[in-house]
There are 2 protein chains.
Amino acid sequence: MDKIKRTERIAALTRILVSRPNEVISFSAFTERFGSAKSTLSEDMAIIDTSLRHHGLGQLQTVAGAAGGVRFRPCAQPEGAGRFLAGLIDTLLSPDRLLPGGYLYLSDLLADPETVRGLSRIIACAWYDERPDFILTMETKGIPVAMMTADYMNLPLVIARRQSKVYEGSAVNINYPSGSGRIETMSLSRRAVKTGQRALIVDDLIRGGGTARGLISLMDEFSVEVIGLSFVLSQDTPPRKPIEREKSLLLFSGGSEDRPLSITMADWIR
Amino acid sequence: MDKIKRTERIAALTRILVSRPNEVISFSAFTERFGSAKSTLSEDMAIIDTSLRHHGLGQLQTVAGAAGGVRFRPCAQPEGAGRFLAGLIDTLLSPDRLLPGGYLYLSDLLADPETVRGLSRIIACAWYDERPDFILTMETKGIPVAMMTADYMNLPLVIARRQSKVYEGSAVNINYPSGSGRIETMSLSRRAVKTGQRALIVDDLIRGGGTARGLISLMDEFSVEVIGLSFVLSQDTPPRKPIEREKSLLLFSGGSEDRPLSITMADWIR
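Residues numbered from 1 in each chain as written. Chains lettered and ligands numbered in written order. Predicted model: local features only at pLDDT ≥ 70, side-chain atom pairs only at ≥ 80, totals over all residues. Heavy atoms only, no water.

**Student:** Hey, could you run me through the overall build of chain A in this one?
**Tutor:** Each helix and strand counted, chain A has seven helices and ten strands in total. For chain A, the residues scored as buried account for 56% of the 270 residues in total. Looking at chain A alone, contacts between residues at least 24 apart form 57% of all its contacts between residues at least 6 apart. Accessible area of chain A: about 11,700 Å², with a carbon and sulfur share of 49%. Positive and negative side-chain charges in chain A, numbering 33 and 31 respectively, have mean positions lying 4 Å apart. (Helix = DSSP H or I, 4+ residues; strand = E, 2+ residues; numbered from the N terminus. Buried < 20%, exposed > 50% of the residue type's maximum accessible area, 1.4 Å probe, protein only. Contact = heavy atoms within 4.5 Å. Areas by Shrake-Rupley, 256 points an atom, 1.4 Å probe, with all protein chains shown as cover. Lys, Arg positive; Asp, Glu negative; His and termini not counted. Charge placed at Lys NZ, Arg CZ, Asp CG, Glu CD.)

If you want it as structure tokens, here you go:
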């Protein structure tokens, strides 16, 4: 490939890195593609990194060693996360979201690309350093946020189901008590995960914690360690038994006819 | 904001545009952010566009008018899509994916970020010109591909459910015949879509077409037009009644113990 101008190369490099977040791309892949020396590309990367950091748009990280290279992570200043969540709280507290019975209508926000990107970016940036091997969610409502988190972390998404499905092959099923005291089932294909891996649980909502504890038990069956859990909304009143390593985004209480809904940002984000 | 060098500005601009595909961002948003004249930014955009097109990484499009600005679309040459799908076919035909009963194990690929990005990019690029208002999918397996398509098109994702859920509020339910002749139900919140909108259906698999026709009937109830349908895998033998405006990616036949699985790329992609 013929040599190109630095400005054009920076546009192409930024496009490639940003579209494949957290993937370590080797310098040799870039030297081949652009016909540029490694020293030239290092200067390009320094320019991109400076600009991303300066504008709160993320950062590049250089990884040394045989499997080394450079990766993009979309993490910026914490204030950005705070502003985004403050806006989301305003949207959530809008009176027309309240459904009969005190339920909150969330389905649109949990599948709106801009909202999902914002939520997933905060979750990904909270857990990069713990190096999970995959993202685990329970069907259905949390799948978009979990998928986008998987995208930002460059990890596979694993979806536990309420029932075994014939097209998932041999599966492990567990029974667990739900918040309402009923016994529920969850199922995961034997092929989905491997012994010794590390899971990050991502889902839309945690109330009593029954489903979360069910997912942790399910991972026990696979000898997989749960290194963390993030929920978009975590019920904080009435209090529940705490779950270790939970970093949820928004805490809520109330939401019934006699107790108005209250939503606050989790302390670790501010 | 103080002026910055063109190289740094191009890195930041590319990052912003690529992370918000198909969103028309006004030049004034950029002039404010970077303290640069519109003419300078136009030159930047021209450089970015040239580079993206040259390297098969997508393109920028300028939209004129009051709501005008510039948007990024990830569409490249068709050969890229063909190469990606040829690789996917090889993976799918690997013998260890065959489950008892002739089913194909797909769940990992349908939730692997790189695969999902590749599939969603092809679907988004096939439908941009038809300007749908939202992406519609049926829970569960197609949600990741549908979500990533929604992300590339900057459209909300709407998920039809097998049952009404109390947290989705008042819902429209329809009954439809599934491929096996049984009557199934699907449900969608009344709040999810609006009369007169245009839907693009995205899902993982179509066999007999029962669910797809169910989704089309469901949209009829909302007076929503289905402008197109894309499935990752579409069964082509035995033949079924064609569905208008279907652009699926891969066609398959066989997959039982007596008939080996065969998968080919759809003609419109080649």
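What follows picks up the thread again.
**Student:** How should the interface of chain A and chain B be read in this particular structure?
**Tutor:** How large an interface is tends to be reported as the accessible area lost when its parts come together. Residue-level contacts link 64 residues of chain A with 64 residues of chain B. Note on chain A versus chain B: buried area summed over both sides is about 5,300 Å², and carbon and sulfur give 63% of it. Counting across the interface, chain A meets chain B through two salt bridges. In this structure, R117 of chain A engages D151 of chain B in a salt bridge whose closest nitrogen and oxygen atoms are separated by 2.6 Å. For the pair chain A and chain B, the number of links is 18 residue pairs in polar contact (both at pLDDT 80 or more). Of all the secondary-structure elements, those providing two or more residues to the side of chain A that touches chain B are α1 (6-19), α2 (27-34), α3 (38-54), α5 (113-127), α6 (143-153) and β4 (157-160) of chain A. When residues in the side of chain A that touches chain B are grouped by element, the largest group, eleven residues, is from α1 of chain A. When its residues are assigned to classes, the side of chain A that touches chain B shows 35 nonpolar, twelve polar and 17 charged. (Buried area = accessible area lost by both parts, 1.4 Å probe. Salt bridge = Lys/Arg side-chain N within 4 Å of Asp/Glu carboxyl O. Polar contact = N/O pair within 3.5 Å; in protein donor to acceptor, adjacent residues only side chain to side chain. Nonpolar A, V, L, I, M, F, W, Y, C, P; charged D, E, K, R; others polar.)

**Student:** Explain the state of the cysteines here, please?
**Tutor:** By definition, a disulfide links the sulfur atoms of two cysteines through a covalent bond. Residues and elements named next belong to chain A. Per the counting criterion, the structure on display carries two disulfides over all chains. Through a disulfide, C75 is tied to C125; the S-S separation comes to 2.1 Å. Here the disulfide of C75 and C125 is left-handed, its torsion about the S-S bond being about -95 degrees. With C75 in the loop between β2 (69-73) and α4 (78-92) and C125 in helix α5, the pair connects residues that are 50 residues apart, well separated along the chain. (Disulfide = S-S within 2.5 Å.)

**Student:** What exactly am I supposed to notice about empty space enclosed by the protein here?
**Tutor:** The method is simple in principle: a probe with the dimensions of a water molecule rolls over the atoms, and the space it marks as empty is what remains. Throughout the structure, instances matching the rule amount to three cavities of 30 Å³ or more. Computed from the structure, the largest cavity encloses a volume of approximately 240 Å³. As for the largest cavity, its lining consists of 22 residues, of which V18 and S19 of chain A together with V18, S19 and D151 of chain B are closest to the centre. Taken together, the elements giving at least two residues each to the lining of the largest cavity come down to α1, α5 and α6 of chain A together with α1 (6-19), α5 (113-127) and α6 (143-153) of chain B. The residue inventory of the lining of the largest cavity, partitioned by class, reads twelve nonpolar, two polar and eight charged. The computed volume of the second largest cavity comes to approximately 40 Å³. Residue assignment for the lining of the second largest cavity shows that the elements contributing at least two residues are α4 (78-92), α5 and β8 (225-237) of chain B. Here the lining of the second largest cavity is composed, by residue class, of eight nonpolar, one polar and no charged. (1 Å grid on protein atoms, 1.4 Å probe; cavity = no way out; pocket = protein on both sides within 12 Å on 5 of 7 lines; lining within 4 Å. Points joined across faces, edges and corners; volume = space filled by probe spheres on them.)

**Student:** In this structure, what is going on with the packing of aromatic side chains? I would like to understand it.
**Tutor:** Using the criterion set out here, one finds two aromatic pairs over all chains in the structure. Judged by centre distance (6.4 Å) and plane angle (25 degrees), the ring pair of F30 of chain A and F34 of chain A falls under stacked. Taken as a pair, F30 of chain A and F34 of chain A lie in helix α2 at a separation of four residues, close to a single helical turn. Summarising the burial analysis for this pair, F30 of chain A and F34 of chain A share the class buried. Positioned above the aromatic ring of Y167 of chain A, the side-chain terminus of K141 of chain B is 3.7 Å from the ring centre. (Phe/Tyr/Trp six-rings, centres within 6.5 Å; stacked < 30°, edge-to-face > 60°. Lys NZ or Arg CZ within 6 Å of the ring centre and 35° of its normal.)

**Student:** What should I look at first to understand α1 of chain B in this one?
**Tutor:** For an α-helix, the turn length of 3.6 residues means that residues three or four places apart are oriented alike. The first and last C-alpha atoms of α1 of chain B sit 20 Å apart over 14 residues, in line with the 20 Å expected at 1.5 Å per residue. Taken across its 14 residues, α1 of chain B has 13 buried, putting it largely inside the fold. (Expected span 1.5 Å × (residues − 1).)

**Student:** Sorry, what's going on with the confidence of the model for chain A here?
**Tutor:** Caution applies to low-pLDDT parts of the model: their predicted coordinates are not meant to be read in detail. Scored by pLDDT, chain A has a mean of 94; 99% of the residues are at 70 or more. Quick note on the complex model: pTM equals 0.97, ipTM equals 0.96. (pLDDT = per-residue confidence, 0-100.)

**Student:** Honestly, α3 of chain A in this entry has me stumped. Any pointers?
**Tutor:** Over its 17 residues, α3 of chain A runs 24 Å from end to end, which matches the ideal 24 Å to within 8%, given 1.5 Å per residue. Residues of α3 of chain A that are buried: L41, D44, M45, I47, I48, D49, S51 and L52 of chain A. Looking at the buried positions of α3 of chain A, the neighbouring elements they touch are α1, α2, β1 (59-63) and β2 of chain A together with α1 of chain B. Positive backbone phi, approximately 65 degrees, marks G56 of chain A, located one or two places after α3 of chain A.

**Student:** Just checking my understanding: could you explain the pattern of salt bridges for this structure?
**Tutor:** Pairing is possible between side chains that carry opposite charge, provided their charged atoms lie close to one another. Residue and element names in this part refer to chain A. For the structure on display, the rule yields 30 salt bridges over all chains. The residue D108 makes a salt bridge to R97 at a minimum N-O spacing of 2.8 Å. With a gap of eleven residues between them, D108 in the loop between α4 and α5 and R97 in the loop between α4 and α5 connect regions that are remote in the sequence. For D108, a relative accessible area of 31% puts it in the partly exposed group.

**Student:** Explain the domain arrangement of chain A to me, please; I cannot follow it from the model alone.
**Tutor:** Residue and element names in this part refer to chain A. Assigned domains within chain A: domain 1 (6-73) and domain 2 (78-265). Each partner contributes to the interface: domain 1 provides four residues, whereas domain 2 provides six residues. Note on domain 1 versus domain 2: buried area summed over both sides is about 470 Å², and carbon and sulfur give 51% of it. Broken down residue by residue, the surface that domain 1 buries against domain 2 is led by P21, N22 and R73, which jointly contribute 85%. We note a salt bridge from D129 to R73, for which the minimum N-O separation is 4.0 Å. (Domains from an automatic or database assignment.)

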